[in-house]
Amino acid sequence: MGAFLQSCPLGGFFLVAFFASCFFPEPGLVAGGGVTRHYKFNVVLQNVTRLCHTKSIVTVNGKFPGPPIIAREGDQLLIEVVNRVPNNISIHWHGVRQLRSGWADGPAYVTQCPIQTGQSYVYNYTIVGQRGTLWWHAHISWLRSTLHGPLIILPKHNASYPFAKPHKEIPIIFGEWFNSDTEAVISQALQTGGGPNVSDAYTINGLPGPLYNCSAKDTYRLKVKPGKTYLLRLINAALNDELFFSIANHTLTLVEADAVYLKPFETETLLIAPGQTTNVLLKTKPQYPKATFLMTARPYATGLGTFDNTTVAGTLEYEPPLNESHQSSSIKQLPLFKPTLPPLNDTAFATNFTNKLRSLANPQFPANVPQKVDQRFFFTVGLGTNPCRGNQTCQGPNGTMFTAAVNNVSFTMPTTALLQAHYTGQSNGVYSPEFPSYPKSIFNFTGTPPNNTNVGNGTKLVVLPFNTSVELIMQDTSILGAESHPLHLHGFNFFVVGQGFGNFDPNKDPAKFNLVDPVERNTVGVPAGGWVAIRFLADNPGVWFMHCHLEVHTSWGLKMAWLVLDGKLPNQKLLPPPADLPKC
Ligand SMILES: [Cu+2]
């Protein structure tokens, strides 16, 4: 315990929750070589005021953003979630592989029924072979807008980072603030068939900052010393927006994405999609600069719909040297530098940036890219329409309802959990195992859209034998506008072996795949009007959700699931369900 405390120098915002967790008794070593850590998440309503609007939000332990989970590689986590709000709740541990422990993954109606009001559930899993920044969030409806927090996995005790030890580590969570209740926003949109209202502000660690009305006092301030290196753990928890981020007059060195180390590279500005995490090193100026620097984020938006085009700002403030000690008010007299962010639709920047991401791929942290492929899949991802119910007029395109689909299947959520249905052999009437491997109708995906943009609906899964090596091409469509879609896969990391614009060419494009050091992650942007190719090894039995991490697209059906069967050996099988697994 003491050793853990001494060897995890984390930023100030962590300390309260961090100490609380560290003081829990630890009952000794677990199979992963780590210890067991206990957390209690009381899901409660809390009044929070931003932009001079007060509303009651769903929180963990009254905190917004929520408290961090901090563990080491190899540790077991036991997180008791108690639902004390009127909503159904489930929590996802975004990016945790959940080897054989799919029951703890969290997406409602996929791996579990939601935790009902007054009920509780203990999420029980072990962190195996992962270290870095991940995060947790609600995985039901739009509750993740306020129910999210960092999930930090430190290296094992005697392991170090593949870069110099930073002076401090600081989480930076981007969020999206709505003055209205987000559950009302999405439920209204699904009823009318139109696009949901957009957010009123973006936030950094819950704070909108000085560029918004009424918010100068609600500004995230990062206080630093000259001549030090800080590790910023960036998390995009926004609901519907990819974000550009930059700090004025400072260069950032990317060292990790989605809890996998990168070949380090420097950049002034980075791009982070909802669901993604990025660790960067921030080297402060060698001398006290007598200036303050803004850090800002605003969207990268490619679709035709409206979006929140505002900018969140925080400040980077240098502590003055002792002999120059300022009054706290004097910081206002310092010059203030602002970063320049790319234009809101700067796809050229996005492409150039994502092409720079490479796995570290060294002997200690190899990139185990599947070199042979057992099964190939080609999924179109994009928007579509459904006819208005009854003979009303809906607010989607030409009086229809907006929808979204993978291979023209808009996913229908079941009313019981898919994993339970599979495990108990009661999948009849819950899901079909026949998700299409290829689109049923071939059209010019990124050209003029077909006249009929209606999609099918269903609860369909791809079934994979254990240890299948998978290659998946995800192809954006131009139906109702080409758009970047950050696709998130549960249960696995995948390698991003290729990407391009226009339609994927199966004859020419595979020759350009990077099978040596591609970035390994859990969420990847399908380029607007383009495609991305990923590979992964299906070595984790269970039912694994895959969906767009733009929440509006998920709500419209841009989601599906993979069912990976048990292997033959005892250690290749899904563990039995915990006794307290919630019932529907
Ligand atoms: Cu999307």
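Structure's up top.
Turning our eyes to something else, we now look at the sheet that holds strand β6 (residues 120–126). The four strands are arranged β2-β1-β4-β6 in an open sheet whose pairing can be described as mixed. Each edge of the sheet is formed by a strand with only one pairing partner; in this case those strands are β2 (53–60) and β6. Across the sheet, the mean angle separating the axes of adjacent strands is 20° when strand polarity is ignored. As defined by bridge partners, strand β1 (residues 36–50) adjoins β2 across eight bridges and the pair is classed as antiparallel. Residue pairing for β2: Arg 50 is matched across the bridge by His 53.

Trp 93, Phe 379 and Trp 562 are the most contacted members of the largest nonpolar core, which totals 148 residues. Those residues in contact with Trp 562, other than ones at most four positions away along the chain, are Phe 377, Phe 379, Val 462, Leu 464, Val 470, Leu 472, Leu 489, Phe 536, Gly 542, Val 543, Trp 544 and Met 546. Ala 367, Phe 378, Ile 473 and Phe 495 belong to the second-largest nonpolar core, a separate cluster that totals eleven residues.

Roughly 790 Å³ of internal volume is contained in the largest pocket. In this structure, the largest pocket is lined by 36 residues; those nearest its centre are Leu 190, Met 413, Thr 554, Ser 555 and Lys 559. Ranked by residue count, the leading element in the lining of the largest pocket is helix α3 (residues 182–192), at five residues. Each residue belonging to the lining of the largest pocket can be placed in one class, and the counts come to 15 nonpolar, 16 polar and five charged.

A few words on the coordination of the copper ion. Within the first shell, the copper ion binds the protein through His 485 (ND1), Cys 548 (SG) and His 553 (ND1), at distances of 2.0 to 2.1 Å. Spacing between the donor residues of the copper ion along their common chain follows H-x62-C-x4-H. A residue pair is termed long-range when its members are at least 10 positions apart, and His 485 in strand β27 (residues 485–489) and Cys 548 in strand β32 (residues 542–548) qualify at 63 residues. For His 485, a relative accessible area of 1% puts it in the buried group.

So, about the pattern of salt bridges. Enumeration over the complete set of coordinates arrives at 15 salt bridges. Where Asp 539 meets Arg 97, a salt bridge forms, and the shortest distance between an N and an O atom there is 2.8 Å. Note that Asp 539 is positioned in the loop between β31 (530–538) and β32 and Arg 97 in the loop between β5 (91–94) and β6, a separation of 442 residues in sequence. Here Asp 539 falls in the partly exposed class, since its relative accessible area comes to 25%. Put simply, Lys 263 and Asp 517 hold a salt bridge, and the shortest N to O gap is 2.7 Å. Of this pair, Lys 263 sits in strand β15 (residues 260–267) while Asp 517 is found in the loop between β28 (494–501) and β29 (520–521), placing the two residues 254 residues apart along the sequence.

The next subject is the environment of Leu 78. With respect to the helices, strands and loops of the structure, Leu 78 is situated in strand β4 (residues 76–83). With sequence-adjacent residues up to four places away left out, Leu 78 is seen in contact with Thr 36, Arg 37, His 38, Tyr 39, Val 122, Tyr 123 and Asn 124.

Of the two faces of β5, the one lined by Ile 91 and Trp 93 and the one lined by His 92 and His 94 are each fully buried. Two strands pair when backbone bridges link them, and β5 and strand β7 (residues 132–138) are joined in this way by four bridges, in the antiparallel orientation. Note that in β7 the partner of Ile 91 across the bridge is Ala 138.

Counted under the stated rule, the structure contains 33 aromatic pairs. On the numbers, 4.7 Å between centres and 65° between planes, the contact of Tyr 121 with Tyr 123 is edge-to-face. The class of Tyr 121 is buried, set by a relative accessible area of 1%. The exposure class of Tyr 123 is buried, given its relative accessible area of 0%. Ring centres of Phe 443 and Phe 445 lie 4.8 Å apart, and the angle between their planes is 70°; this geometry places the pair in the edge-to-face category. Take Phe 445: its relative accessible area is 7%, and that puts it in the buried class. Each residue in the set Phe 377, Phe 379, Phe 435, Phe 492, Phe 536, Trp 544 and Trp 562 is aromatic and connected to the rest through ring pairs, giving one cluster. Of note, Lys 55 hangs over the ring of Trp 177, and the distance from its end group to the ring centre comes to 4.7 Å.

Time to look at the state of the cysteines. This model, assessed by the stated rule, comprises three disulfides. With a sulfur-sulfur separation of 1.7 Å, Cys 52 is cross-linked through a disulfide to Cys 214. Of this pair, Cys 52 sits in the loop between β1 and β2 while Cys 214 is found in the loop between β10 (201–204) and β11 (221–224), placing the two residues 162 residues apart along the sequence. Look at Cys 52 and you get exposed, because its relative accessible area is 55%. Here Cys 388 is linked by a disulfide to Cys 394, with a sulfur-sulfur distance of 2.0 Å. Measuring handedness by torsion sign, the sulfur bridge of Cys 388 and Cys 394 sits at about 80° and is right-handed. Counting its disulfide-bonded cysteines in sequence order, the protein chain shows a connectivity of 1-3, 2-6, 4-5.

Reading the values: rules and limits
- Residues numbered from 1 in each chain as written.
- Predicted model: local features only at pLDDT ≥ 70, side-chain atom pairs only at ≥ 80, totals over all residues.
- Heavy atoms only, no water.
- Pairing = 2+ DSSP bridges.
- Helix = DSSP H or I, 4+ residues; strand = E, 2+ residues; numbered from the N terminus.
- Axes fitted to C-alpha atoms, helices over the stretch in contact; angles between N-to-C directions.
- Core = buried A, V, L, I, M, F, W, Y, C linked by side-chain atoms within 4.5 Å.
- Buried < 20%, exposed > 50% of the residue type's maximum accessible area, 1.4 Å probe, protein only.
- Contact = heavy atoms within 4.5 Å.
- 1 Å grid on protein atoms, 1.4 Å probe; cavity = no way out; pocket = protein on both sides within 12 Å on 5 of 7 lines; lining within 4 Å.
- Points joined across faces, edges and corners; volume = space filled by probe spheres on them.
- Nonpolar A, V, L, I, M, F, W, Y, C, P; charged D, E, K, R; others polar.
- Donors = N, O, S within 2.8 Å, 3.2 Å for Na, K, Ca; no water.
- Salt bridge = Lys/Arg side-chain N within 4 Å of Asp/Glu carboxyl O.
- Phe/Tyr/Trp six-rings, centres within 6.5 Å; stacked < 30°, edge-to-face > 60°.
- Lys NZ or Arg CZ within 6 Å of the ring centre and 35° of its normal.
- Disulfide = S-S within 2.5 Å.

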